[in-house]
Amino acid sequence: MATPRLSIRAGNPDFLDLDWAKPVSEWSAGRLVDMPTGIHRHPVVFVAYEEGIYAIKELPVRLARHELDVLRRLENRTNRSARPAGIAVRPWVDPREEGSAAVITRYVEFAFPYRELVIAGGFGPRRDQMLDAFAGLLVELHLAGYFWGDCSLSNVLYRYDAGAIEAVMVDAETARLYDELSNGQRTEDLELMQENVAGEMADIAAKDGVDLERADLELGIDISARYEALWRELSEELIIEPDEHFMIRGRIRRLNELGFVVEDVELEPSGTGNRVRLDIRVGGRTYHSQRLRERTGVDASENQARELLSDLTYHEAKAGAEFATNTAVAAIEWRVSVFQPAVEKIREIRPGADPVQGYCDLLHHRLQLASSEGRDLSNDEALSSWIESGFPGYPLEA
């Protein structure tokens, strides 16, 4: 069997047992698995190992190396992108040919493509959540200096994030990475996105037999409006008067509430007197997920982490003085005695579903029960009711 040149990152399989002598489109069963995915311009298959599920996309050598390089550099700037595992190069194939190389990335767990949210040529009740997720992703990538060049719904996977939706970029072959994007580059990326999204919505309408007048052709414009509103909030400069220093903490708190990490705070003299100009540089939308990981060792997406931190605070309050002076002990107690037992039960009753999202759904159900009954409920009580009720999640207006 022909063996390619493989460059694989530590912690991943060696992929040597795959049939690299053939194009991926001709691979037979074995490790192949069907996974939800968008539309790809290049052949893509999914393979399962003990370490996880991986996407393997065939490309010409130059494009494959470019995409791998962008993904590796980008992962230090955001966690809203596919995680690269390595590259395979077939030296016996012309490097300009499609199958001359393959990029290997980790599959985004519990994700689904945008078409799962489409109803009758447009988006259904989760339209606002999807648009906010897409706009937020584009803002975060632009903050990281990422010029997409081919931004579209098909190049993104989505997953539920507590009462919201999270978007993850999975295709970087056309992207370029800079230290910082200019306003012109951001505008160009938004215009390309609008064209691509309008085309995708027209294709969906045609496939579903829906009149073009009923297609959601304004979707890209709506995404751009949400993008611009969020960008203005993140990039706004404030003039601080001598007696308004409280506004600095308020500004930082607001950015943290949006989930963004504040990396730098710059204060520069402005005009006469003691007025200063406040300029804040933000990083990725990982504020709550970082706090949760630091306190408990639990990995979760941003809105899930916000809910889990609230649950941790709730249990700290219930524990009272015993853990009041030792938050590290309280966090361990919550993870071992509260979070992990519930997550294991959710894995048992809902195999294949995201157990952390399931726990967040359970928390929402527990809050509703407690509010209606006027008393605290244990996780066990709430879990029984949640199962009997058919695993309800968050309402769409969450």
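Quick caveat, the model's predicted, so the values are computed rather than measured. (Residues numbered from 1 in each chain as written. Predicted model: local features only at pLDDT ≥ 70, side-chain atom pairs only at ≥ 80, totals over all residues. Heavy atoms only, no water.)

Q: Can you help me understand the overall build of the protein chain in this one?
A: Counting its secondary structure elements, the protein chain contains 11 helices and 14 strands. Taken over C-alpha atoms, the radius of gyration comes to 23 Å for the protein chain, in line with the 21 Å a tight globule of 398 residues would show. For the protein chain, the spread of C-alpha atoms along the principal axes amounts to about 70 × 65 × 50 Å. Taken across its 398 residues, the protein chain has 48% of its residues classed as buried. Put simply, of all contacts in the protein chain between residues at least 6 apart along the chain, 65% involve residues at least 24 apart. Carbon and sulfur atoms provide 49% of the accessible area of the protein chain, an area that totals close to 19,300 Å². (Helix = DSSP H or I, 4+ residues; strand = E, 2+ residues; numbered from the N terminus. Rg over C-alpha atoms; globule rule 2.2 N^0.38 Å. Buried < 20%, exposed > 50% of the residue type's maximum accessible area, 1.4 Å probe, protein only. Contact = heavy atoms within 4.5 Å. Areas by Shrake-Rupley, 256 points an atom, 1.4 Å probe, with all protein chains shown as cover.)

Q: Which parts of the structure should I look at to understand the packing of helix α6 (residues 287–296) against helix α7 (residues 302–319)?
A: The geometry of a pair of packed helices is captured by two quantities: the angle between their axes and the separation between those axes. One can describe the packing of α6 onto α7 by two numbers: an axis separation of 7 Å at closest approach and a directional angle of 45°. Relative to α7, the element α6 lies oblique. Crossing geometry of α6 relative to α7 is assigned as left-handed. Contacts between α6 and α7 pair Tyr 287, His 288, Ser 289, Arg 291, Leu 292, Arg 295 and Thr 296 from the former with Glu 302, Ala 305, Arg 306, Leu 308, Leu 309, Leu 312 and Glu 316 from the latter. (Axes fitted to C-alpha atoms, helices over the stretch in contact; angles between N-to-C directions. Parallel < 35°, antiparallel > 145°, perpendicular 65-115°, else oblique. Left-handed = near helix turned anticlockwise from the far one by under 90°.)

Q: Just checking my understanding: could you explain the sheet that holds strand β12 (residues 238–240) for this structure?
A: Strand pairing in a sheet is mediated by backbone hydrogen bonds. Such pairs are either parallel or antiparallel. Here 3 strands make up an open sheet; going across it, the order is β12-β14-β13 and the pairing antiparallel. Bordering the open sheet on either side are β12 and β13 (262–269), each of which pairs with just one other strand. Direction aside, neighbouring strands of the sheet carry axes that sit 30° apart on average. When β12 meets strand β14 (residues 276–282), the two strands line up antiparallel, connected through 3 bridges. Note that in β14 the partner of Ile 239 across the bridge is Arg 277. (Pairing = 2+ DSSP bridges.)

Q: Mind showing me how you'd approach the nonpolar core here?
A: Side chains of a nonpolar character, in soluble globular proteins, are inclined to be buried together. Tyr 146, Leu 153 and Tyr 158 are the most contacted members of the largest nonpolar core, which has 51 residues in total. When residues of this core are assigned to their parent elements, the largest contribution, 9 residues, is made by helix α2 (residues 127–143). Once residues lying within four places of it in the same chain are set aside, the contact partners of Tyr 146 are Val 70, Leu 74, Leu 141, Met 169, Asp 171, Ala 172, Ala 175, Arg 176, Leu 177, Leu 181 and Asp 189. (Core = buried A, V, L, I, M, F, W, Y, C linked by side-chain atoms within 4.5 Å.)

Q: Before we go on, may I ask you to explain the pattern of salt bridges in this structure?
A: Between side chains of opposite charge, a pair can form as their charged atoms come close. Per the counting criterion, the structure on display carries 27 salt bridges. Close ionic contact of Arg 90 with Glu 58 constitutes a salt bridge, the shortest N to O distance being 2.9 Å. You can see Arg 90 sitting in the loop between β4 (83–89) and β5 (101–106) and its partner Glu 58 sitting in strand β3 (residues 52–59), a full 32 residues away along the chain. Residues Arg 127 and Asp 222 are paired through a salt bridge, measuring 2.8 Å at the closest nitrogen-oxygen approach. (Salt bridge = Lys/Arg side-chain N within 4 Å of Asp/Glu carboxyl O.)

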